Amino acid sequence: MLVQSAGNFRRPILKFSELGLSDSLLKAIKRSGYEEATPIQEQTIPMVLKGQDVIGQAQTGTGKTAAFGLPIIEHVDTDNPNIQAIIISPTRELAIQTQEELFRLGKDKHVRVQVVYGGADIRRQIRNLKQHPQILVGTPGRLRDHLNRHTVKLDHIKTLVLDEADEMLNMGFLDDIEAIIDQTPADRQTLLFSATMPPEIKKIGVKFMTDPTMVRIKAKELTTDLVDQYYVKARDYEKFDIMTRLIDVQDPDLTIVFGRTKRRVDELSRGLVARGYNAAGIHGDLSQDRRTKIMKKFKHGELDILVATDVAARGLAISGVTHVYNYDIPSDPDSYVHRIGRTGRAGHHGVSLTFVTPNEMDYLREIEKLTRVRMLPLKPPTAEEAFKGQVASAFNDIDELISQDSTERYQEAAEKLLATHDATDLVAALLNEMTKEPASDVPVKITPERPLPRRNHRNGRSGHGYRGPRDHRHNNYGGHRRRNRDGHSRSRRHDNHGKNHSSRHAFNIRHRED
């Protein structure tokens, strides 16, 4: 039996202090900089504290980890050395991030949290498990490995969480999940979170849960008004050059580029590096150590562009992502919702741009039907327009450099250069160094992927709604201005030798005129 939550009605946003949490947890929440609960948190936390089973429809970035994590930590008995809560996650990255967040939130209460996942040394995990964690986070396959080795026992579990349940079903983990659940007590509390709610998810609720309450985000809330959604219609062989021009023009701070296949991710990341961008790619074939290092660099702002497959980027919670580029349009609308959930977080504006080939327009309309938002078309900038943007950006960087006090030590050297060179030649050389090589000088070939099959046309038009133009604080043509932590306009560029370049762009993309 599924009980629909009455929490979908509009009501004042609650503060965490109103949700019945202990002082130690409120202290951890305050330290993290949060005061008001998100909708999924304010509806879920009280029910979990009461011991109810909950099905929550929430995408990444809505605060669902804290929604189940805070009440779990509240219930943990720190004098009990047994595993009292288990969280099952579809990917290594999501499992690691969940463990890190729960560790931070439970630090004041001294709750022990461990994570287990494939691709890592299982012997080290076994040693860590001997420290008696009270909360265990893991991927389905590795959890089953530990159960088979009898290095994990779940007979004292109070709460079980299925996180990103739709993705775990898509990845074929249903048998693993059932085997894990069979090892837990029948009277446990079960929580299930999913960005989408296909019939298979509801079947899990009926089979493994006791009168679960459904906390549902309305369809119009699946994508946020903080994300401006655009598309560019282009042939497959045109997309890479267009994307690099758009990057030059929009000059994003942190960017995620989604590719459909591992080969696509490898080729895109290599091509971006060849053209001087600070980029790297992740997918399932990379070693866990390599993926962890790339993600650490991206989180710390040492990497500008992350290229990823859907599975590799699932559940990533990276603050500060300003742009999401869908180099390949996803084959299902739900994946689109997951992708653009990486930007427009914590009250900040973001941009999503989707490349679509002419025969993929039906997929675009299906996405619009689900999200109830019509994407706006963009006309790609020309190579000359992108170059002008780079030059205008370089002007801004030079102004910043001149304003710094550290230039005084170079006065004598500057005078010597002016005595032997024309000032115009010196400035031109500086601009040449601060802008990128023409794309035509660095040809990049991206192997075409098999096109998506055409969707069957139905009679009549799709009934998706259009919200109309939205008032956002960005430029007129789909580009947000990027700022670094101290408010200055900066961008790291890398040439083929790893040399840092700076670049800022004042050029605006034009809307496509139909």
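Residues numbered from 1 in each chain as written. Predicted model: local features only at pLDDT ≥ 70, side-chain atom pairs only at ≥ 80, totals over all residues. Heavy atoms only, no water.

A.B. asks: Explanation requested: the pairing of strand β2 (residues 54–57) in the structure shown.
C.D. replies: The side chains of a regular strand alternate between the sheet's two faces. Judged by which residues are buried, β2 turns out to be covered on both faces: Val54 and Gly56 on one side and Ile55 and Gln57 on the other are all buried. Sheet topology places β2 next to strand β7 (residues 189–194); 4 bridges connect them, and they run parallel. The residue bridging Val54 from the neighbouring strand is Leu191, located in β7. Bridge count between β2 and strand β8 (residues 213–215): 3 bridges; the pairing is parallel. Following the sheet pairing, Val54 is matched in β8 by Thr213. (Buried < 20%, exposed > 50% of the residue type's maximum accessible area, 1.4 Å probe, protein only. Helix = DSSP H or I, 4+ residues; strand = E, 2+ residues; numbered from the N terminus. Pairing = 2+ DSSP bridges.)

A.B. asks: Whenever I open this one, the nonpolar core confuses me. Can you help?
C.D. replies: Considering soluble globular proteins, one finds that nonpolar side chains tend to be buried as a cluster. By size, the foremost hydrophobic cluster in this structure holds 35 residues, and its most contacted members are Phe16, Leu70, Ile72, Ile87 and Ile135. Secondary structure elements with two or more residues in this core: α1 (23–31), α2 (39–49), α3 (64–75), β3 (85–88), α4 (92–105), β4 (113–116), β5 (135–138) and β7. Looking at this core, the element that brings in the most residues is α3, giving 6 residues. In this structure, Ile135 is in contact with Ile72, Ile73, Val76, Ala85, Ile87, Leu102, Val111, Arg112, Val113 and Gln114, ignoring residues within four places of it in sequence. Among the nonpolar cores identified, the runner-up in size contains 27 residues, and Leu147, Leu154, Leu192 and Met209 belong to it. (Core = buried A, V, L, I, M, F, W, Y, C linked by side-chain atoms within 4.5 Å. Contact = heavy atoms within 4.5 Å.)

A.B. asks: Teacher, can you tell me more about the pattern of salt bridges here?
C.D. replies: Pairing between side chains of opposite charge can happen when the charged atoms of each approach one another. Scanning the entire structure with this criterion turns up 21 salt bridges. Salt-bridge contacts for Arg264 lead to Asp236; the nearest nitrogen and oxygen are separated by 2.9 Å. Of this pair, Arg264 sits in helix α11 (residues 262–274) while Asp236 sits in the loop between β9 (227–233) and α10 (239–250), and the two are 28 residues apart along the sequence. Asp236 shares its class with Arg264; the two are buried. Among the ionic pairs, Asp241 bridges to Arg275, the shortest N-O distance being 2.7 Å. Here the residue Asp241 occupies a position in helix α10, and Arg275 occupies one in the loop between α11 and β11 (279–282), the gap between them amounting to 34 residues. Bridged by salt links that share partners, the residues Asp236, Lys239, Arg264 and Asp328 form one connected network. (Salt bridge = Lys/Arg side-chain N within 4 Å of Asp/Glu carboxyl O.)

A.B. asks: Where do I start with the environment of Val324 in this structure?
C.D. replies: Structurally, the position occupied by Val324 is in strand β13 (residues 321–326). Taking the relative accessible area as the measure of exposure, Val324 reaches 0% and is therefore buried. For the pair Val324 and Val227, spaced 97 residues apart in the sequence, the C-alpha separation amounts to 9.6 Å. Residues in contact with Val324, not counting those within four places in the same chain, are Ile256, Phe258, Arg339, Arg342, Thr343, Val351, Ser352 and Leu353.

A.B. asks: Help me understand α10 in this model?
C.D. replies: Working note: α-helix, 3.6 residues per turn, so residues spaced by three or four point in the same direction. Taking 1.5 Å of rise per residue, 12 residues should cover 16 Å, and α10 covers 16 Å from first to last C-alpha, within 8% of that figure. Burial runs high along α10: 10 of the 12 residues are buried. Taken together, the buried positions of α10 are occupied by Lys239, Phe240, Ile242, Met243, Thr244, Leu246, Ile247, Asp248, Val249 and Gln250. Backbone geometry just downstream of α10 places Asp251 in the positive-phi region, at approximately 45°. (Expected span 1.5 Å × (residues − 1).)

Distances and angles like these do not, on their own, reveal function.
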